[in-house]
Amino acid sequence: MYSRLLSLSSPIESALEGHKRLIDQWSDDAFDFVRHDLPKILTVIVVAFVLTRLLKLITRRLSHYSGTGSLPSGVRAQQIRTLSGIVYSFGVFVILFLTMMSILDTVNVNIKPLLASAGIVGLAIGFGAQTLVKDVVTGFFVLVENQFEIGDTIKIADRTGVVEVMSLRRTVLRDGDGSLHIIPNSSITVVTNFTRDWTQIAMHVSVAYSEPSEKITKLLNEVGTELQNDPNFKDRIVGKPEVPGIEKVSGQEVDYLMLVKTTPGQQYSVSRELRRRIKECFQNNNVQPGGSSQVYVVDRPLTK
């Protein structure tokens with residue numbers, strides 16, 4: 001009986017001894033981790049947190065600076081706000097990615113297969129979302145190059161309207177009849193901006209062939225000067241209106257060209273008032289119309 005008990009106690013003692021050795025190994029590993037690896041991981045996390053907060057502070061300062069109205073000439077508030085958002089998002093992604101890679105390397109995880117897998121996944125996503133990538137890249141350069149901003153009247157992708165929304169992926173236009181056009185940035189190949197810095201009105205005034213050129217030129221210059229000095233319009237006109245002279249002679253009609261530069265978006269109100277004043281001026285000075293019964297004052301594209 002006693003010998004049988006001895007034979008049973010030997011495996012139990014061996015199992016207990018094995019468990020003790022395993023616990024000792026775990027204790028040594030945990031102690032080594034706390035002593036060497038944990039400080040490194042905490043340092044990486046703290047550095048990542050500090051970098052993230054610093055990046056947020058910088059981008060928030062840029063956004064605040066864009067709303068102060070003290071930007072240098074040619075720099076737009078919308079451009080600064082959008083670029084600050086892009087910089088923050090991309091910076092946070094880079095910081096988190098590098099932090100994760102550093103932690104995995106600290107705990108002796110082989111990160112080479114992970115990097116290779118990330119490259120393959122990124123390549124697959126790139127092939128599957130080429131249009132989206134093109135949208136983002138085009139939108140980025142539109143913002144960096146300051147091609148247009150919210151409130152500008154532009155023409156892109158054969159659509160003309162006022163920019164209501166712009167992002168890295170799309171541009172939203174509202175045209176004259178109220179239609180809303182949502183245009184992916186990848187469709188933008190040529191941008192025509194009608195309201196950047198100033199807009200020029202090229203007005204063609206048609207009168208009878210018999211009217212003296214000096215008289216017509218003088219009257220048009222007087223109308224332009226009066227409009228420029230009008231308190232209601234002087235802030236809408238950039239520079240002095242010009243009358244280069246005769247633009248075209250056709251039969252019994254002569255077209256005189258008048259050029260007026262206006263602030264963005266004010267060309268329509270200025271051109272309407274200018275046509276009204278030219279009509280009244282010609283009536284008061286007995287200027288013969290180019291046609292049989294009326295004076296033609298037409299806005300046409302300026303040709304060279």
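Attention here is on the structure that accompanies the text.

Reading the values: the criteria
Residues numbered from 1 in each chain as written. Predicted model: local features only at pLDDT ≥ 70, side-chain atom pairs only at ≥ 80, totals over all residues. Heavy atoms only, no water. Helix = DSSP H or I, 4+ residues; strand = E, 2+ residues; numbered from the N terminus. Buried < 20%, exposed > 50% of the residue type's maximum accessible area, 1.4 Å probe, protein only. Contact = heavy atoms within 4.5 Å. Areas by Shrake-Rupley, 256 points an atom, 1.4 Å probe, with all protein chains shown as cover. Pairing = 2+ DSSP bridges. Phe/Tyr/Trp six-rings, centres within 6.5 Å; stacked < 30°, edge-to-face > 60°. Lys NZ or Arg CZ within 6 Å of the ring centre and 35° of its normal.

Time to look at the overall build of the protein chain. For the protein chain, the count of helices and strands is six helices and nine strands. The buried share of the protein chain, taken over its 304 residues, is 31%. If you take every contact in the protein chain between residues at least 6 apart in sequence, the share linking residues at least 24 apart comes to 64%. Carbon and sulfur atoms form 59% of the exposed surface of the protein chain, whose accessible area is close to 19600 Å².

Time to look at the sheet that holds strand β1 (residues 153-156). Taken in spatial order, the five strands line up as β4-β3-β2-β1-β5 in an open sheet, and their pairing is antiparallel. Because the sheet does not close on itself, it has two edges, and the strands there are β4 (180-184) and β5 (192-193). Two strands pair when backbone bridges link them, and β1 and strand β2 (residues 159-166) are joined in this way by four bridges, in the antiparallel orientation. Bridge pairing links K155 to T160 in β2.

So, about the packing of aromatic side chains. The full count for this structure, using the stated rule, is two aromatic pairs. Summarising the aromatic geometry, the rings of F93 and F97 are spaced 6.4 Å apart at their centres and angled 20° between planes, so their arrangement reads as stacked. With F93 and F97 both in helix α2 (residues 77-106) and four residues apart, this pair spans about one turn of that helix. F97 sits in the partly exposed class, given a relative accessible area of 30%. Between the NZ or CZ atom of R236 and the centre of the ring of F233, over which it lies, the distance is 4.7 Å. The ring of W198 carries the charged tip of K261 above its face, separated from the ring centre by 4.3 Å.

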